[in-house]
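Spelled out, the chains give:
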Amino acid sequence: PVGCILAEMITRRPLFQGQGDWQQMNAIVDKLGTPNEAELRAMQAITSFEFNPHPAKPWEEIVPDCSAALSALLAALLSFDPAARPLAQQVLDRAEVWDAPQPAGREAIAERVRKSVADGNSCARQREQGEAEAMVSWEAAQHCLRAHVC
(Lines give C-alpha, C1' and ligand atoms only; values in the text may rest on other atoms or scores of the structure.)
Protein backbone atom coordinates (compact mmCIF):
# COMPACT_ATOMS: atom_id res chain seq x y z
CA PRO A 1 0.00 0.00 0.00
CA VAL A 2 2.78 2.51 0.75
CA GLY A 3 4.10 2.16 -2.82
CA CYS A 4 0.63 2.86 -4.23
CA ILE A 5 0.16 5.84 -1.93
CA LEU A 6 3.56 7.27 -2.83
CA ALA A 7 2.97 6.84 -6.58
CA GLU A 8 -0.51 8.35 -6.29
CA MET A 9 0.85 11.31 -4.37
CA ILE A 10 3.44 11.90 -7.08
CA THR A 11 1.04 11.52 -10.03
CA ARG A 12 -2.10 12.74 -8.26
CA ARG A 13 -4.15 9.94 -9.81
CA PRO A 14 -4.99 6.33 -8.93
CA LEU A 15 -2.20 3.93 -9.80
CA PHE A 16 -4.20 0.72 -10.23
CA GLN A 17 -7.75 1.76 -10.93
CA GLY A 18 -10.23 -1.11 -11.18
CA GLN A 19 -13.52 -2.34 -9.83
CA GLY A 20 -13.60 -5.87 -8.50
CA ASP A 21 -10.77 -8.37 -8.07
CA TRP A 22 -10.31 -9.31 -11.71
CA GLN A 23 -10.26 -5.74 -13.03
CA GLN A 24 -7.93 -4.69 -10.20
CA MET A 25 -5.45 -7.50 -10.91
CA ASN A 26 -5.52 -6.70 -14.62
CA ALA A 27 -4.75 -3.04 -13.84
CA ILE A 28 -1.78 -4.15 -11.71
CA VAL A 29 -0.46 -6.63 -14.29
CA ASP A 30 -0.91 -4.05 -17.05
CA LYS A 31 1.63 -1.81 -15.32
CA LEU A 32 3.89 -4.20 -13.39
CA GLY A 33 3.86 -7.08 -15.87
CA THR A 34 2.94 -10.72 -15.36
CA PRO A 35 4.14 -12.18 -12.06
CA ASN A 36 6.59 -15.07 -12.39
CA GLU A 37 6.05 -18.48 -10.77
CA ALA A 38 7.87 -17.57 -7.55
CA GLU A 39 5.86 -14.37 -7.20
CA LEU A 40 2.63 -16.29 -7.81
CA ARG A 41 3.55 -18.75 -5.05
CA ALA A 42 4.25 -15.82 -2.71
CA MET A 43 0.81 -14.38 -3.49
CA GLN A 44 -1.10 -17.46 -2.31
CA ALA A 45 -4.41 -15.62 -2.17
CA ILE A 46 -4.63 -15.04 -5.93
CA THR A 47 -3.44 -18.32 -7.39
CA SER A 48 -6.83 -18.74 -9.07
CA PHE A 49 -6.05 -15.96 -11.56
CA GLU A 50 -4.77 -16.93 -14.99
CA PHE A 51 -2.44 -14.35 -16.51
CA ASN A 52 -1.51 -13.90 -20.13
CA PRO A 53 2.17 -13.01 -20.46
CA HIS A 54 2.43 -9.26 -20.25
CA PRO A 55 5.63 -7.16 -20.04
CA ALA A 56 6.04 -4.50 -17.38
CA LYS A 57 5.69 -0.89 -18.46
CA PRO A 58 8.72 1.35 -17.93
CA TRP A 59 8.57 3.39 -14.73
CA GLU A 60 9.00 6.56 -16.79
CA GLU A 61 5.57 5.77 -18.25
CA ILE A 62 3.93 4.71 -14.99
CA VAL A 63 5.23 7.66 -12.94
CA PRO A 64 6.52 10.34 -15.33
CA ASP A 65 9.17 12.79 -14.09
CA CYS A 66 10.26 10.40 -11.35
CA SER A 67 13.97 10.01 -10.63
CA ALA A 68 15.66 6.68 -11.27
CA ALA A 69 16.22 6.22 -7.52
CA LEU A 70 12.59 6.92 -6.69
CA SER A 71 11.47 4.61 -9.53
CA ALA A 72 13.62 1.84 -8.02
CA LEU A 73 12.06 2.48 -4.62
CA LEU A 74 8.55 2.29 -6.09
CA ALA A 75 9.43 -0.94 -7.91
CA ALA A 76 10.65 -2.44 -4.62
CA LEU A 77 7.58 -1.25 -2.69
CA LEU A 78 5.26 -2.64 -5.37
CA SER A 79 6.90 -6.05 -5.66
CA PHE A 80 4.41 -8.89 -6.10
CA ASP A 81 6.27 -10.87 -3.42
CA PRO A 82 5.51 -9.31 -0.02
CA ALA A 83 8.77 -10.72 1.40
CA ALA A 84 10.74 -8.83 -1.25
CA ARG A 85 9.27 -5.45 -0.27
CA PRO A 86 11.44 -3.23 1.94
CA LEU A 87 10.38 -2.63 5.53
CA ALA A 88 9.40 0.89 6.57
CA GLN A 89 12.74 1.45 8.34
CA GLN A 90 14.61 0.29 5.22
CA VAL A 91 12.65 2.82 3.17
CA LEU A 92 13.44 5.58 5.63
CA ASP A 93 17.13 4.65 5.43
CA ARG A 94 17.18 5.21 1.66
CA ALA A 95 18.70 8.50 0.59
CA GLU A 96 16.10 9.25 -2.10
CA VAL A 97 13.40 9.52 0.55
CA TRP A 98 15.26 12.45 2.08
CA ASP A 99 17.27 13.75 -0.89
CA ALA A 100 14.29 14.29 -3.19
CA PRO A 101 13.92 17.93 -4.12
CA GLN A 102 12.68 19.45 -0.92
CA PRO A 103 10.25 22.31 -1.50
CA ALA A 104 10.59 25.58 0.34
CA GLY A 105 8.96 25.93 3.73
CA ARG A 106 5.30 26.89 3.98
CA GLU A 107 6.04 30.47 4.97
CA ALA A 108 8.44 30.97 2.06
CA ILE A 109 5.91 29.57 -0.41
CA ALA A 110 3.09 31.65 1.08
CA GLU A 111 5.24 34.78 0.78
CA ARG A 112 6.10 33.99 -2.86
CA VAL A 113 2.40 33.40 -3.63
CA ARG A 114 1.42 36.72 -1.97
CA LYS A 115 4.13 38.53 -3.95
CA SER A 116 3.19 36.94 -7.27
CA VAL A 117 -0.51 37.70 -6.69
CA ALA A 118 0.34 41.28 -5.78
CA ASP A 119 2.40 41.50 -8.98
CA GLY A 120 -0.53 40.08 -10.96
CA ASN A 121 1.55 37.10 -12.12
CA SER A 122 -1.01 34.28 -12.39
CA CYS A 123 1.51 31.82 -13.89
CA ALA A 124 3.84 32.31 -10.95
CA ARG A 125 0.88 31.97 -8.57
CA GLN A 126 -0.13 28.65 -10.14
CA ARG A 127 3.46 27.36 -9.99
CA GLU A 128 3.84 28.39 -6.34
CA GLN A 129 0.50 26.82 -5.42
CA GLY A 130 1.65 23.61 -7.13
CA GLU A 131 4.86 23.71 -5.09
CA ALA A 132 2.81 24.20 -1.92
CA GLU A 133 0.64 21.19 -2.79
CA ALA A 134 3.75 19.11 -3.57
CA MET A 135 5.27 20.09 -0.23
CA VAL A 136 2.16 19.02 1.67
CA SER A 137 2.08 15.74 -0.31
CA TRP A 138 5.77 15.07 0.39
CA GLU A 139 5.32 15.80 4.10
CA ALA A 140 2.30 13.49 4.20
CA ALA A 141 4.28 10.70 2.50
CA GLN A 142 7.14 11.04 4.99
CA HIS A 143 4.68 11.08 7.91
CA CYS A 144 3.00 7.94 6.54
CA LEU A 145 6.33 6.13 6.30
CA ARG A 146 7.42 7.21 9.78
CA ALA A 147 4.08 6.14 11.28
CA HIS A 148 4.59 2.58 10.05
CA VAL A 149 8.12 2.11 11.40
CA CYS A 150 7.01 0.62 14.74
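Quick caveat, the model's predicted, so the values are computed rather than measured.

Conventions adopted
- By convention here, each chain's residues receive numbers from 1 onward along its written sequence.
- Confidence filtering applies because this is a predicted model: local features only for residues at pLDDT of at least 70, side-chain atom pairs given and counted only at 80 or more, and all residues used for totals across whole chains, interfaces and linings.
- With hydrogens and water excluded, all non-hydrogen atoms of the structure serve as input to the side-chain values.
- Residue types Ala, Val, Leu, Ile, Met, Phe, Trp, Tyr and Cys, when buried and joined through side-chain atoms within 4.5 Å, form a set referred to as a nonpolar core.
- Relative accessibility under 20% of the residue-type maximum defines a buried residue, over 50% an exposed one, and the middle range a partly exposed one, all with a 1.4 Å probe and only protein chains included.
- In this description a helix means any DSSP run of H or I spanning at least four residues, a strand means any run of E spanning at least two, and both kinds are numbered starting from the N terminus.
- We call two residues in contact when some of their heavy atoms are within 4.5 Å.
- The salt bridge definition used is simple: a Lys or Arg side-chain nitrogen within 4 Å of an Asp or Glu carboxyl oxygen.

## As for the nonpolar core
Line of reasoning, step 1. Residues F16, L32, W59, V63, L74 and F80 are the most contacted members of the largest nonpolar core, which totals 23 residues.
Line of reasoning, step 2. Only α1 (2-11), α2 (21-32), α4 (59-62) and α5 (68-77) provide two or more residues apiece to this core.
Line of reasoning, step 3. For this core, the leading source of residues is α2, giving five residues.
Line of reasoning, step 4. In contact with L74, other than residues within four places in its own chain, are G3, L6, A7, I10, W59, V63 and C66.

## Thoughts on the pattern of salt bridges
Line of reasoning, step 1. This model, assessed by the stated rule, comprises two salt bridges.
Line of reasoning, step 2. A salt bridge links D30 to K57, with the shortest nitrogen-to-oxygen separation between them at 3.2 Å. Separated by 27 residues along the polypeptide, D30 in helix α2 and K57 in the loop between α3 (37-42) and α4 bring together distant segments of the chain.
Line of reasoning, step 3. Judged by relative accessible area, which is 30%, D30 ranks as partly exposed.
Line of reasoning, step 4. The partner of E61 in a salt bridge is K57, with the nearest N and O atoms 3.8 Å apart.
Line of reasoning, step 5. Within the structure, one salt-bridge network assembled from shared partners comprises D30, K57 and E61.

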